[in-house]
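One letter stands for each residue in the lines below.
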Amino acid sequence: MTDRIPGFATLAIHAGAQPDPTTGARATPIYQTTSFVFEDVDHAASLFGLQTFGNIYTRIGNPTNAVLEERVAALEGGTAGLAVASGHAAQIVVMHCLMRPGDELVAAKKLYGGSINQFNHAFKNFGWNVVWAEPDDIGTFERAVSPKTKAIFIESIANPGGVITDIEAVGRIAKSAGVPLIVDNTLATPYLCKPIDYGADVVVHSLTKFLGGHGNSIGGLIVDGGTFNWSREKRYPMLCEPRPEYHGIVLHETFGNFAFAIACRVLALRDLGPALSPFNAFLILTGIETLPLRMQRHCDNALAVAQWLVDRREVAWVSYPGLAGDRYHNLAKKYVPQGAGSVFTFGLKGGYDAGVKLVSNVKLFSHLANIGDTRSLIIHPASTTHRQLTDAQKIQAGAGPDVVRLSIGLEDKEDIIADLEQGLAA
Amino acid sequence: MDHDNYDDGYIRGILNTVKTIAMVGVSANTSRPSYFAFKYLLERGYRMIPVNPVIVGQELLGRKVYAKLTDVPEPIDMVDIFRAPRYAVEIVEEALALTPRPQVIWMQLGIRNDEAAKFAEANGLKVVMNRCPKIEYGRLSSEIAWMGVNTRTLSAKKAQLFGRGIQRMALNRVTLAGGATDAAVRAEKPGR
């Protein structure tokens, strides 16, 4: 008999979680402990030497976090996961395992503003240089690759503009360059798109958004696609050279197709320290159980709101790939056929002032910097999230002065539309 | 037997049945994968027999090392091959010369030799290739989930503790197959 592979909704509830072996607790317990006792010194030595599986200290691993890691890895179709303190932490942990001073990262220009800041400024302090490429012109990725390139980074659905990246095309460039493709899949979630199926080698998430989904916990996650041969070109010493931190273990040789997730845990999380609280992991796990239901409703509501906005006289344009006339509609049909997510932007004819006025006038929408909440959220990026960027960078990132970003929640769509209507009219 | 995809039941059946495992090519170097696997399986209750002519006569974790399979003075249930694929046929020949014959030929992660597999199967042995018994034990017992690894199993039954130790799980866990990943198939393996 061939093993039956369960569907997405089943994995969202069950993957990684089983009744607790000692108490029988059915929900995943919150293992709110810093440390785990050793059976004896030999057991301790085996754990520290990575010779056996188990828990030592919550900065390196925790059983509640482990359920979250396996859950997201299963949903993405990856070999392993690693939970960290935030989406930003996920990015720095991944890059720590790939980059040395002087190395280059090729990244799409259209990214979450916080990532643009992290790459431009924080990464520079480590001597990691970002080379920007244009997701609407795939050839720019090819031209950006140099012998110093160690990774390519894109978002599946880019924040804030509703840009869909041609993951498969960028994946081919990464493959021929011999570097891993890293995809931030925060806005799509694996319910809408599984980047590993299109050539991603590593997927990163801000769990803070749709995966957690309730606006209550910050968290990040790294999924190892298990697809990249870290040993082939000997360019990734964290993976393919004996590690002095672990008595000369070669991680790729020892852990095979989940070696990258192990490297992120035992070389980056252990030494950089951005561990996730088990309590946050518990809240995010609870959120993920309803991900398929929530994500579909988010998408359905977002499409209704986008269609309504298109016809408003105050609105200059709406950038939502779910709309039939949108420039990314064909890519959306390929990569996110069940819906184009619930974060998108639109332009107000009244420009910067009209944007500031709308965020002040709304009563149901919350004016804040997050996305992917049960609640509908609104922000004027030019005056907030993208404020630190230059005007040219703002426009490049899809955050010009007239732009308003919405994250459509799970309320009744009639109430969401009514709030925008009164906000625009006021 | 489809050697690209093994059902969990096949692997679990093997790891639940065999008791004595001869590991051919095991290293005494404590940072080598073969040493890790040997130590781990020993700690999970298997009777482990190290086979490696380079360290013959020494002890590995208290177990006497033999030069070749035919020197081992006790019945072997499974031969775990930690050698390059080109040696697999002769190791199978050696295994088939044993009385009683082993029941299983297992080739490690990254090791595959279809000719050796066919030969062993034609003689009634079960074969697993390109897998690690440590990883498979960890996956099916759920121990490996502590490292964030996708076990590709689901269960509404509680996991079973192994013995009296801390953080040791048994193989007799009731599961459904759970993972929709074919990353193992897509993966490019480390060069050997």
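The rules behind each value
- Residues numbered from 1 in each chain as written.
- Chains lettered and ligands numbered in written order.
- Predicted model: local features only at pLDDT ≥ 70, side-chain atom pairs only at ≥ 80, totals over all residues.
- Heavy atoms only, no water.
- Core = buried A, V, L, I, M, F, W, Y, C linked by side-chain atoms within 4.5 Å.
- Buried < 20%, exposed > 50% of the residue type's maximum accessible area, 1.4 Å probe, protein only.
- Helix = DSSP H or I, 4+ residues; strand = E, 2+ residues; numbered from the N terminus.
- Domains from an automatic or database assignment.
- Contact = heavy atoms within 4.5 Å.
- Pairing = 2+ DSSP bridges.
- Axes fitted to C-alpha atoms, helices over the stretch in contact; angles between N-to-C directions.
- Phe/Tyr/Trp six-rings, centres within 6.5 Å; stacked < 30°, edge-to-face > 60°.
- Buried area = accessible area lost by both parts, 1.4 Å probe.
- Salt bridge = Lys/Arg side-chain N within 4 Å of Asp/Glu carboxyl O.
- Polar contact = N/O pair within 3.5 Å; in protein donor to acceptor, adjacent residues only side chain to side chain.
- Nonpolar A, V, L, I, M, F, W, Y, C, P; charged D, E, K, R; others polar.
- Parallel < 35°, antiparallel > 145°, perpendicular 65-115°, else oblique.

(A) Main features of the nonpolar core. Residues and elements named next belong to chain A. Among the nonpolar cores identified, the biggest contains 192 residues, and Leu-68, Ile-222, Leu-309 and Leu-406 are the most heavily contacted of them. In terms of residue count, helix α11 (residues 259-272) provides more of this core than any other element does, 10 residues in total. Built from parts of two domains, this core gets at least three residues from each of domain 1 (8-287) and domain 2 (291-425). Those residues in contact with Leu-68 that lie beyond four places of it in its chain are Ala-83, Leu-207, Leu-221, Leu-276, Ala-281, Ile-284, Leu-285 and Ile-288.

(B) Fine view of the sheet that holds strand β6 (residues 104-107) of chain B. Residue and element names in this part refer to chain B. With parallel pairing, the five strands of this open sheet are ordered in space as β2-β1-β5-β6-β7. Taken across any chain shown, the strands that pair with only one partner, and hence form the sheet edges, are β2 (47-51) and β7 (126-128). Neighbour-to-neighbour, the strand axes of this sheet turn through a mean angle of 20°, independent of strand direction. Relative to β6, strand β5 (residues 78-81) is paired through four bridges, and the arrangement is parallel. For Asp-80, the partnering residue across the bridge sits in β6 and is Trp-106. Together, β1 (20-24), β5 and β6 form the strand contacts of helix α3 (residues 88-96), whose direction differs from that of β5 by roughly 165°.

(C) Main features of the packing of aromatic side chains. Within this structure, the stated rule accounts for 18 aromatic pairs over all chains. For the pair Trp230(A) and Tyr236(A), a centre-to-centre distance of 5.3 Å together with 85° between the ring planes defines the contact as edge-to-face. No difference in accessibility class separates Trp230(A) from Tyr236(A), as the two residues are buried. Their ring planes at 80° and their centres at 5.9 Å tell us that Tyr40(B) and Tyr137(B) sit as a pair that is edge-to-face. Taken together, the positions of Tyr40(B) in helix α2 (residues 33-43) and Tyr137(B) in helix α5 (residues 133-141) put the pair 97 residues apart, joining distant regions of the chain. Three or more aromatic residues joined by ring pairs form one cluster here, namely Phe119(A), Phe123(A), Phe126(A), Trp128(A), Trp132(A) and Phe153(A).

(D) Region of the structure containing the interface of chain A and chain B. Between chain A and chain B, the residue contacts involve 64 residues of the former and 53 residues of the latter. For the pair chain A and chain B, the summed buried area comes to about 4,800 Å², and 53% of that belongs to carbon and sulfur atoms. Summed over the shared surface of chain A and chain B, the number is three salt bridges. Put simply, Arg32(B) and Glu253(A) hold a salt bridge, and the shortest N to O gap is 2.8 Å.

(E) Broad picture of the domain arrangement of chain A. Residue and element names in this part refer to chain A. Domain annotation of chain A identifies domain 1 (8-287) and domain 2 (291-425). Summarising the inter-unit geometry, the C-alpha centres of domain 1 and domain 2 are found 28 Å apart. At the junction of the two partners, domain 1 supplies 40 residues and domain 2 supplies 40 residues. Taken over both partners, the interface formed by domain 1 and domain 2 buries close to 3,400 Å², and the fraction arising from carbon and sulfur atoms is 60%. Linking domain 1 to domain 2 there are two salt bridges. The shortest N-O distance in the salt bridge between Arg-327 and Asp-136 comes to 3.5 Å. There are 14 residue pairs in polar contact (both at pLDDT 80 or more) connecting domain 1 and domain 2. Mapped by element, the contributors of at least two residues to the side of domain 1 that touches domain 2 are α1 (8-14), α5 (113-125), β6 (163-164), α7 (167-177) and α8 (189-192). Among the elements that take part in the side of domain 1 that touches domain 2, α5 stands out by supplying four residues, more than any other. A per-class count over the side of domain 1 that touches domain 2 returns 20 nonpolar, 14 polar and six charged.

(F) Up close: the pattern of salt bridges. With the rule as written, the count across this model stands at 26 salt bridges over all chains. In this structure, Arg312(A) and Glu314(A) form a salt bridge, with 3.0 Å as the shortest nitrogen-oxygen distance. On the basis of relative accessibility, which here comes to 18%, the residue Arg312(A) falls in the buried class. We note a salt bridge from Arg112(B) to Asp4(B), for which the minimum N-O separation is 2.9 Å. Residue Arg112(B) is found in the loop between β6 and α4 (114-122), and its partner Asp4(B) is found in the segment before α1 (8-17); the two are separated by 108 residues along the sequence. The class of Arg112(B) is partly exposed, set by a relative accessible area of 32%.

(G) Inspection of the packing of α1(B) against α5(B) at higher detail. Residue and element names in this part refer to chain B. Closest axis-to-axis distance for the α1/α5 pair is 11 Å, and the angle between their directions is 110°. By the angle between their directions, the pair α1 and α5 is classed as roughly perpendicular. When α1 is examined against α5, the residues Asp-8, Ile-11, Arg-12 and Leu-15 are found in contact with a partner set consisting of Pro-133, Glu-136, Tyr-137, Arg-139 and Leu-140. Considering only residue class, the contact of α1 with α5 consists of five nonpolar, no polar and four charged.

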